[in-house]
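# Remarks on the overall topology
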Amino acid sequence: MREIFWIVGDMLSGSRTSRFRARSSLALCMVGIALLCSGALAQENTADFWLNDGQKSLEEAFLAFDKAVKIDPTNAAAWQARGDALYSLDRHENALASFNKALEHNPQLTGAISGKARSLAALGRDEEALAAYDWAIRMNPAEVSLWIDKANFLAERGDYDEMMETFDEASAQNPKDAFIWEARGTLLAGHLGKYDEAVLAYKKSIEIDPTNAGVWNAEAEILKTLGRTSEAEVAFAKAKEL
């Protein structure tokens, strides 16, 4: 899911609400919405049944994934899903343990590596988190969300130079990916207040993909804040057109 969970108005007022994570609460609660109705009782003893069980809350998601790993303790995907649920419940030590179990059974599961990195970061174990982000990227350098997660982590630490290097490396690996530049602009504005640089990043994103209304709108909001009214009006108009 390539969505930036960010409200530009909040961003410009200083709120730090950005989240570039596909493993959001919403995603977890919508796991397997197509609930098996007929024959469900016959399938309740399989890990896949619990992995695909539609959920109404994060706690219910955790309980379903916990049931899955009890039925099949070697199921790496179930351990990762359990870890994602626990992370979203702010149970970071337990989440870390689940991600480690996933990696015992599939050391190449990049989602579990990324989850481990996020959990380590939440626990304040920054150097281990950074090593885990780098591990995930080495495993799958084409997965842009891994680069974005690392950049977001560095931004939260205030490591501007390292964040920019991460974005540069991500763009070198994925030169046609507009989302990298979109995320770069959002972090520059939201975390660092570097609005002029953010505008340049948004322009680069638009150059690659001129059809993204959200980026036009984000650029317009920042241009408006910078007092560049005529440019902002043009960008707002383009966003509305799209």
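Details of the structure are given in the entry above.
The paragraphs below set out a description of the structure included in this document. (Residues numbered from 1 in each chain as written. Predicted model: local features only at pLDDT ≥ 70, side-chain atom pairs only at ≥ 80, totals over all residues. Heavy atoms only, no water.)

### Focus on a negative patch on the surface
A contiguous patch of negative charge on the surface is contributed by Asp161, Glu162, Glu165 and Glu169. Within the element layout of this structure, aspartate 161 appears in helix H11 (residues 160-173). For aspartate 161, a relative accessible area of 51% puts it in the exposed group. (Patch = residues over 30% accessible without salt bridge, like charges linked within 9 Å, V, L, I, M, F, W, Y side chains within 5 Å. Areas by Shrake-Rupley, 256 points an atom, 1.4 Å probe, with all protein chains shown as cover. Salt bridge = Lys/Arg side-chain N within 4 Å of Asp/Glu carboxyl O. Lys, Arg positive; Asp, Glu negative; His and termini not counted. Charge placed at Lys NZ, Arg CZ, Asp CG, Glu CD. Helix = DSSP H or I, 4+ residues; strand = E, 2+ residues; numbered from the N terminus. Buried < 20%, exposed > 50% of the residue type's maximum accessible area, 1.4 Å probe, protein only.)

### Let's talk about the environment of aspartate 66
Note that aspartate 66 resides in helix H5 (residues 58-71). It is 9.8 Å that separates the C-alpha atoms of aspartate 66 and serine 98, two residues lying 32 residues apart in sequence. Only 2.9 Å separates the side chain of aspartate 66 from the side chain of arginine 82, close enough to count as a polar contact. (Polar contact = N/O pair within 3.5 Å; in protein donor to acceptor, adjacent residues only side chain to side chain.)

### Brief notes about the side chain of asparagine 174
Among the structural elements, asparagine 174 can be located in the loop between H11 and helix H12 (178-190). Leave out the neighbours within four places in its chain, and asparagine 174 touches Pro141, Ala142, Val144, Trp147 and Ile180. (Contact = heavy atoms within 4.5 Å.)

### Some points on the environment of histidine 92
One can find histidine 92 in helix H7 (residues 92-105). Residues histidine 92 and lysine 116, spaced 24 residues apart in sequence, show a C-alpha to C-alpha distance of 9.3 Å. With residues up to four places along the chain from it excluded, the contact list for histidine 92 reads Tyr87, Ser119, Ala122 and Leu123.

### Brief notes about the environment of lysine 150
Summarising the element assignment, lysine 150 is placed in helix H10 (residues 144-157). In sequence terms lysine 150 and glutamate 162 are twelve residues apart; their C-alpha atoms lie 9.7 Å from each other. In this view, lysine 150 contacts Leu130, Tyr133, Asp134, Ile137 and Thr166; residues no more than four positions away in its chain are not counted. There is a polar contact of 2.6 Å between the side chain of lysine 150 and the side chain of aspartate 134.

### What about the pattern of salt bridges?
Tallied over the entire structure, the rule returns 15 salt bridges. Of the charged contacts, one joins lysine 203 and glutamate 219 as a salt bridge, the two residues approaching to 2.7 Å between their closest N and O atoms. Of this pair, lysine 203 sits in helix H13 (residues 195-208) while glutamate 219 sits in helix H14 (residues 213-225), placing them 16 residues apart in sequence. In this structure, glutamate 241 engages lysine 238 in a salt bridge whose closest nitrogen and oxygen atoms are separated by 3.4 Å. With a gap of three residues between them, glutamate 241 and lysine 238 both fall in helix H15 (residues 229-241), about one helical turn apart. Lysine 238 sits in the partly exposed class, given a relative accessible area of 25%. Each member of the salt-bridge network shares a partner with another, and the members are Asp126, Glu127, Arg157 and Asp159.

### Considerations on the packing of helix H6 (residues 76-88) against H7
H7 packs onto H6 with a crossing angle of 165° between their chain directions and a minimal axis gap of 8 Å. Compared by their axis directions, H6 and H7 come out roughly antiparallel. H6 and H7 meet at a crossing whose hand is left-handed. Contact with H6, carried on its side by Ala76, Trp79, Gln80, Arg82, Gly83, Asp84, Leu86 and Tyr87, involves His92, Asn94, Ala95, Ser98, Phe99, Lys101, Ala102 and His105 of H7 and no other residues of that element. Tallied by class, the residues present in the contact of H6 with H7 amount to seven nonpolar, six polar and three charged. (Axes fitted to C-alpha atoms, helices over the stretch in contact; angles between N-to-C directions. Parallel < 35°, antiparallel > 145°, perpendicular 65-115°, else oblique. Left-handed = near helix turned anticlockwise from the far one by under 90°. Nonpolar A, V, L, I, M, F, W, Y, C, P; charged D, E, K, R; others polar.)

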